[in-house]
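Chain residues, written in single-letter form:
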Amino acid sequence: TGKVNPRTGLEAKFSITHAIAVALARPRPRLDDFTNAAAVDPEISALRGLVEVRADDSVGKRAASLTVDLADGRSVTSRVDNNVGTPDNPMTDTQLGAKFTDNAAPRLGAAAAARSLAACWNVESVEDFSELVHMTGLHT
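Computed from a predicted structure; not experimentally measured. (Residues numbered from 1 in each chain as written. Predicted model: local features only at pLDDT ≥ 70, side-chain atom pairs only at ≥ 80, totals over all residues. Heavy atoms only, no water.)

## As for the environment of Gly 9
At step 1: Turning to its location among the elements, Gly 9 is positioned in helix α1 (residues 9–13).
At step 2: As for Gly 9 and Gly 97, which are separated by 88 residues in sequence, their C-alpha atoms are 24 Å apart.
At step 3: Once you skip the residues sitting within four places of it in the chain, Gly 9 turns out to touch Phe 34, Thr 35, Asn 36 and Ala 39. (Helix = DSSP H or I, 4+ residues; strand = E, 2+ residues; numbered from the N terminus. Contact = heavy atoms within 4.5 Å.)

## Focus on the environment of Arg 79
At step 1: Turning to its location among the elements, Arg 79 is positioned in strand β2 (residues 75–80).
At step 2: On the basis of relative accessibility, which here comes to 43%, the residue Arg 79 falls in the partly exposed class.
At step 3: Separated by 38 residues in the primary sequence, Arg 79 and Asp 41 place their C-alpha atoms 28 Å from one another.
At step 4: Sequence-distant contacts of Arg 79, that is, excluding residues within four places in its chain, are made with Ser 58, Val 59, Ala 64 and Ser 65. (Buried < 20%, exposed > 50% of the residue type's maximum accessible area, 1.4 Å probe, protein only.)

## Comments concerning the packing of helix α5 (residues 93–108) against helix α6 (residues 110–121)
At step 1: α6 packs onto α5 with a crossing angle of 140° between their chain directions and a minimal axis gap of 8 Å. The angle between the axes of α5 and α6 places the two elements in the oblique class. Every pair of crossing elements has a handedness; the one defined by α5 and α6 is right-handed. Counting all contacts with α5, which are made through Asp 93, Leu 96, Gly 97, Phe 100, Thr 101, Ala 104, Ala 105 and Leu 108, the residues of α6 involved are Ala 110, Ala 112, Ala 113, Ser 116, Leu 117 and Trp 121.
At step 2: Its residues assigned to classes, the contact of α5 with α6 comprises ten nonpolar, three polar and one charged. (Axes fitted to C-alpha atoms, helices over the stretch in contact; angles between N-to-C directions. Parallel < 35°, antiparallel > 145°, perpendicular 65-115°, else oblique. Left-handed = near helix turned anticlockwise from the far one by under 90°. Nonpolar A, V, L, I, M, F, W, Y, C, P; charged D, E, K, R; others polar.)

## Digging into α5
At step 1: Of all the bends in α5, the largest measures some 30° and sits at Asp 102, one to four residues before the proline Pro 106.
At step 2: Of all the residues in α5, the buried ones are Gly 97, Asp 102 and Ala 104.
At step 3: Where α5 terminates, the next one or two residues include Gly 109, which has phi positive at roughly 95°. (Bend = angle between axes of the 7 residues up to and from the residue.)

## Regarding the pairing of strand β1 (residues 64–69)
At step 1: Relative to β2, β1 is paired through six bridges, and the arrangement is antiparallel. Paired with Thr 67 across the two strands is Thr 77, which belongs to β2.
At step 2: Counted along the chain from β1 to the antiparallel partner β2, the turn is five residues long, and its residue Gly 73 has a positive phi close to 100°. (Pairing = 2+ DSSP bridges.)

## A closer look at helix α2 (residues 16–25)
At step 1: Among the residues of α2, Thr 17, His 18, Ala 21 and Val 22 are the ones counted as buried. Around the axis of α2, the buried residues are gathered within 135° of arc, so they sit on the same side.
At step 2: Residues of α2 that are buried in the fold lie against α1, α3 (36–39) and α4 (42–48). (Arc of directions from axis to C-beta.)

## A closer look at the pattern of salt bridges
At step 1: Per the stated rule, a full pass over the model turns up eight salt bridges.
At step 2: Arg 26 is paired through a salt bridge with Asp 33; the nearest N and O atoms lie 3.0 Å apart.
At step 3: Note on Arg 26: relative accessible area 24%, which makes it partly exposed.
At step 4: Residue Asp 33 is classed as buried on the basis of its relative accessible area of 8%.
At step 5: Here Arg 26 ties to Glu 43 by a salt bridge, and the two come within 3.3 Å at their closest N and O atoms. In this pair, Arg 26 sits in the loop between α2 and α3 while Glu 43 sits in helix α4, placing the two residues 17 residues apart along the sequence.
At step 6: For Glu 43, a relative accessible area of 43% gives the class partly exposed.
At step 7: Where salt bridges share partners, they join Arg 26, Asp 33 and Glu 43 into one cluster. (Salt bridge = Lys/Arg side-chain N within 4 Å of Asp/Glu carboxyl O.)

Okay, here's the thing in structure tokens:
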């Protein structure tokens, strides 16, 4: 996570400074925020230059603390003790569905991703799992 100035999408995926910059710039980061183009995006690059990451032993591994120093001299701090997706703060069905769609739609298309998501939500009633695999278009 220590890649401060990623130049490729792969490096961006392993850069906490890139992830923070994207989160500051976008309402909801997506996969395309971690591509080669996003790694060299001028807006994100400029924001990365403002990010300073420091370890804090008082913040647990499933928590986060963020302080933003504003231009007028004020500081705003936010702390989350249980990040979304951890056992004490699981994702909601809406969040899970949005994450699935964000990841599946670029590969499958929006309509096929929606059908696949609906099938996943009703997996208990699926009699033949090959049907689910065929929906993805990834079968051989």
